[in-house]
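So the chains spell out like this:
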Amino acid sequence: MTSIDYLLPEYRRTLVQLKKFFTTKSSEKLKKGEHFLDYGDQSQKLGIVLDGILYSTYLSETGQEWISNFFYPPNHAIITSHESFMLESKSTESIRAYEDSTIIYITKTEYDDLTKQNPQLEHMVRVLAEASYVQALKRVYDFQSLTAAQRVKKFIAENNVLVQKVQRQHIASYLGIHRNIFTRVLHKI
């Protein structure tokens, strides 16, 4: 059991409830490489991945692009740049479809209207944000305390779906290592 596993039942229940708020929305298809959010745009959408994989990237000071997150059902299905969405600021990240994907979303205006009408929605989003925060903290701790090989092994154990679908260099980018190191560790497992 990982440190976030205790949150998963509530996360899943909340995700089901949140989907009910989205029932009036039609699903939308994103083709591989298509943007959900681009650098510098203000995030106007809060979405759920129904199928497929999306990923977020950011640019380092040297201009290198790094993968910072993957979005996929069922445990990582909420898509947004939380900072940009909540603070109504320009996004420092880009979110794109890694493969053809199906999503549903509401706009910031719809979100604001819905939370005024139904405080339960705000609670649901808070639960999801807390799970995301715990996951981000866990990732920071992993970067600070685990070797590259330990991070690879842990990622594989916790994200088997991604290991089967995502290219090695993209997982390596997410883990903050060179793809050759990732490949070497894989061969030793």
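Rules behind the numbers
- Residues numbered from 1 in each chain as written.
- Predicted model: local features only at pLDDT ≥ 70, side-chain atom pairs only at ≥ 80, totals over all residues.
- Heavy atoms only, no water.
- Pairing = 2+ DSSP bridges.
- Helix = DSSP H or I, 4+ residues; strand = E, 2+ residues; numbered from the N terminus.
- Axes fitted to C-alpha atoms, helices over the stretch in contact; angles between N-to-C directions.
- Parallel < 35°, antiparallel > 145°, perpendicular 65-115°, else oblique.
- Contact = heavy atoms within 4.5 Å.
- Nonpolar A, V, L, I, M, F, W, Y, C, P; charged D, E, K, R; others polar.
- Buried < 20%, exposed > 50% of the residue type's maximum accessible area, 1.4 Å probe, protein only.
- Phe/Tyr/Trp six-rings, centres within 6.5 Å; stacked < 30°, edge-to-face > 60°.
- Lys NZ or Arg CZ within 6 Å of the ring centre and 35° of its normal.

## Some words on the sheet that holds strand 6 (residues 78-79)
At step 1: Here 4 strands make up an open sheet; going across it, the order is 1-8-3-6 and the pairing antiparallel. Strands at the two margins of the open sheet, each flanked by one partner only, are strand 1 (28-30) and strand 6.
At step 2: Sheet topology places strand 1 next to strand 8 (residues 101-107); 3 bridges connect them, and they run antiparallel. When the bridges of strand 8 are listed, E28 appears paired with I103.

## Observations concerning the packing of helix 7 (residues 168-175) against helix 8 (residues 179-188)
Helices that pack against each other are described as a pair by the angle of their axes relative to one another and the distance between those axes.
At step 1: Look at helix 7 against helix 8: their axes get within 8 Å of each other, and the N-to-C directions meet at 105°. Overall, the two elements helix 7 and helix 8 adopt an arrangement that is roughly perpendicular. Residues R168, Q169, I171, A172 and L175 of helix 7 touch helix 8, and the partners they reach there are R179, F182, T183, L186 and H187.
At step 2: Residues that form the contact of helix 7 with helix 8 fall into these classes: 5 nonpolar, 3 polar and 2 charged.

## Quick word on the pairing of strand 8
At step 1: Extensive coverage of strand 8 is indicated by the burial of 5 of its 7 residues.
At step 2: The pairing of strand 3 (residues 45-51) with strand 8 spans 6 bridges and is classified as antiparallel. The residue of strand 8 that forms the bridge with K45 is T107.

## So, the environment of L162
At step 1: Assignment of secondary structure puts L162 in helix 6 (residues 160-165).
At step 2: Relative accessible area serves as the criterion here: at 1%, L162 is assigned to the buried category.
At step 3: Through-space distance from the C-alpha of L162 to that of D41 is 27 Å; in sequence the pair is 121 residues apart.
At step 4: Apart from residues no more than four positions distant in its own chain, L162 is found in contact with I53, F70, Y72, F155 and I171.

## Considering unusual backbone geometry
At step 1: In this chain, P73 is followed by P74 through a cis amide linkage whose omega measures 0°.
At step 2: By the element assignment, P74 lies in the loop between strand 5 (65-71) and strand 6.
At step 3: With a phi angle near 55°, E88 is a residue other than glycine that sits in the positive phi range.
At step 4: A relative accessible area of 45% means that E88 is categorised as partly exposed.

## A word on the packing of aromatic side chains
At step 1: Enumeration according to the criterion identifies 5 aromatic pairs in this entry.
At step 2: Relative to Y105, the ring of F36 has its centre 6.3 Å away and its plane inclined at 85°; by these criteria the two rings are edge-to-face. Of this pair, F36 sits in strand 2 (residues 35-37) while Y105 sits in strand 8, and the two are 69 residues apart along the sequence.
At step 3: Judged by relative accessible area, which is 6%, F36 ranks as buried.
At step 4: An aromatic cluster is defined as three or more aromatic residues linked by ring pairs; in this entry it consists of F70, F155 and Y174.
At step 5: It is K45 that lies over the ring of F36; its NZ or CZ is 4.8 Å from the centre.
At step 6: Sitting over the face of the ring of F85, K108 holds its NZ or CZ atom 5.2 Å from the ring centroid.

## Thoughts on the environment of K25
At step 1: Looking at the secondary structure, you find K25 in the loop between helix 1 (8-21) and strand 1.
At step 2: Looking at K25, the relative accessible area reads 26%, which means it is partly exposed.
At step 3: Separated by 81 residues in the primary sequence, K25 and I106 have C-alpha atoms spaced 7.6 Å apart.
At step 4: Residue contacts for K25: discarding those within four places in its chain leaves I104, Y105, I106 and E110.

## Description of the pairing of strand 4 (residues 54-59)
At step 1: Two elements, strand 4 and strand 5, share 6 bridges in a ladder whose sense is antiparallel. Bridge assignment links Y58 to a residue of strand 5, and that residue is W66.
At step 2: Two strands pair when backbone bridges link them, and strand 4 and strand 7 (residues 93-97) are joined in this way by 5 bridges, in the antiparallel orientation. Each residue of the ladder has a partner; that of T57, found in strand 7, is S94.

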